[in-house]
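Examining the three-dimensional arrangement
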Amino acid sequence: MPTESEPLRCAGALVVDDDGRIFFQRRSPHRKLFPNTWDIVGGHLEAGETVEEALFREVTEETGWHVSLVLGLVGEYTYTGTDGIDRIETDFLVRVDGDLSRPRLEPGKHTEFRWLTEAEIGVLDEHRQPGDGVIRQIAEDGFRALRLIGL
């Protein structure tokens, strides 16, 4: 566990489909952090894990899919959760293997999913506190990265 001065490290995946949409899942209303909000796939690094290892593990745990290709880095984001803990999250654009119409959402953690186009990202503001625009910023950066690589 990090010290007070050392933030938690997180890895996130912006999963992209063949139509250039990005996958989002709704966090359960019972979650302590960001309840009932839309989020990308991802989570905290486990002891001794690299960011890349956590990325691959989290995609499989949260969706049942397997990362087939890391398209690129979206960005690194620093934020403080509602639990008061500082986090540094490194997010990547990824392609996955598996049935994209049937993710295996983690029971108790996620309740639904959506594939969004850039024009639809306003939905990410649902149930967010004023000033909590980190997920929308990540999505905007993800779509910008997709354009840069020509997808």
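A few words now on the overall build of the protein. Helices and strands together make up the secondary structure of the protein, namely two helices and seven strands. From first element to last, N terminus to C terminus, the protein shows the α and β order β-β-β-β-α-β-β-β-α. Radius of gyration (C-alpha) of the protein: 14 Å, near the 15 Å computed for a compact globule of 151 residues. Element-wise, carbon and sulfur atoms account for 50% of the exposed surface of the protein, whose accessible area totals about 7900 Å². Between the centroid of the 17 positive side chains of the protein and the centroid of its 29 negative side chains there is a distance of 4 Å.

Next up on the list: the sheet that holds strand 3 (residues 38–39). Sheets are built from strands paired through backbone hydrogen bonds, the pairs being either parallel or antiparallel. A sheet is described by the order of its strands in space; here three strands give the open sequence 3-2-7, paired in antiparallel fashion. If you trace the sheet from one side to the other, it starts and ends with strand 3 and strand 7 (110–116), each paired once. Alignment of strand 2 (residues 22–27) against strand 3, held across two bridges, turns out to be antiparallel. Along strand 3, the bridge assignment pairs Gln 25 with Asp 39.

Counting buried positions along strand 2 gives six out of six residues, so the element sits mostly inside the fold. Looking at chain direction, strand 2 and strand 7 are connected through six bridges and run antiparallel. Following the sheet pairing, Ile 22 is matched in strand 7 by Leu 116.

To continue, consider the side chain of Glu 58. Inspection of the secondary structure assignment puts Glu 58 in helix 1 (residues 51–63). Once residues within four sequence positions are removed from consideration, Glu 58 is found in contact with Val 41, Gly 42, Gly 43 and His 44.

This part takes up the packing of aromatic side chains. Across all of its chains, the model carries five aromatic pairs by this definition. Both rings, one in Phe 23 and one in Trp 65, keep their centres 4.9 Å apart while their planes meet at 70°; by these two values the pair is edge-to-face. Placement of Phe 23 in strand 2 and of Trp 65 in the loop between helix 1 and strand 5 (66–80) is noted, with a sequence separation of 42 residues between them. For the pair shown, Phe 23 and Trp 65 are each scored as buried. Through pairs of rings, three or more aromatic residues link up here, namely Phe 23, Trp 65, Phe 113 and Trp 115.

Looking now at the nonpolar core. If you look at the biggest cluster of nonpolar residues, it comprises 24 residues, and the most contacted ones within it are Leu 14, Ile 22, Phe 24, Leu 93 and Leu 124. By residue number, the principal contributor to this core is helix 2 (residues 134–148), which donates seven residues. Those residues in contact with Leu 124, other than ones at most four positions away along the chain, are Phe 24, Trp 38, Leu 116, Ile 135, Arg 136 and Ala 139.

This paragraph deals with the sheet that holds strand 5. Reading across the sheet, the four strands line up as 4-1-6-5 and stay open at both edges, with mixed pairing between neighbours. The strands lining the two open edges of the sheet, one partner per strand, are strand 4 (41–44) and strand 5. Going across the sheet, the axis of each strand differs from the next one's by a mean of 20°, ignoring polarity. For strand 1 (residues 8–15) and strand 4, the ladder comprises four bridges, and the chain directions are antiparallel. Counterpart to Ala 11 in the pairing with strand 4 is Gly 43. Strand contacts of helix 2: strand 1, strand 5 and strand 6 (86–97), with the helix running at about 140° to strand 5, the strand carrying the most contacts.

Let us look at helix 2. Here helix 2 is 15 residues long and its end C-alpha atoms lie 21 Å apart, about the 21 Å a rise of 1.5 Å per residue gives. Against the buried residues of helix 2 lie strand 1, strand 2, strand 3, strand 5, strand 6 and strand 7. At the exit of helix 2 stands Gly 150, carrying a positive phi of roughly 80°.

What counts, and at which threshold
- Residues numbered from 1 in each chain as written.
- Predicted model: local features only at pLDDT ≥ 70, side-chain atom pairs only at ≥ 80, totals over all residues.
- Heavy atoms only, no water.
- Helix = DSSP H or I, 4+ residues; strand = E, 2+ residues; numbered from the N terminus.
- Rg over C-alpha atoms; globule rule 2.2 N^0.38 Å.
- Areas by Shrake-Rupley, 256 points an atom, 1.4 Å probe, with all protein chains shown as cover.
- Lys, Arg positive; Asp, Glu negative; His and termini not counted.
- Charge placed at Lys NZ, Arg CZ, Asp CG, Glu CD.
- Pairing = 2+ DSSP bridges.
- Buried < 20%, exposed > 50% of the residue type's maximum accessible area, 1.4 Å probe, protein only.
- Contact = heavy atoms within 4.5 Å.
- Phe/Tyr/Trp six-rings, centres within 6.5 Å; stacked < 30°, edge-to-face > 60°.
- Core = buried A, V, L, I, M, F, W, Y, C linked by side-chain atoms within 4.5 Å.
- Axes fitted to C-alpha atoms, helices over the stretch in contact; angles between N-to-C directions.
- Expected span 1.5 Å × (residues − 1).

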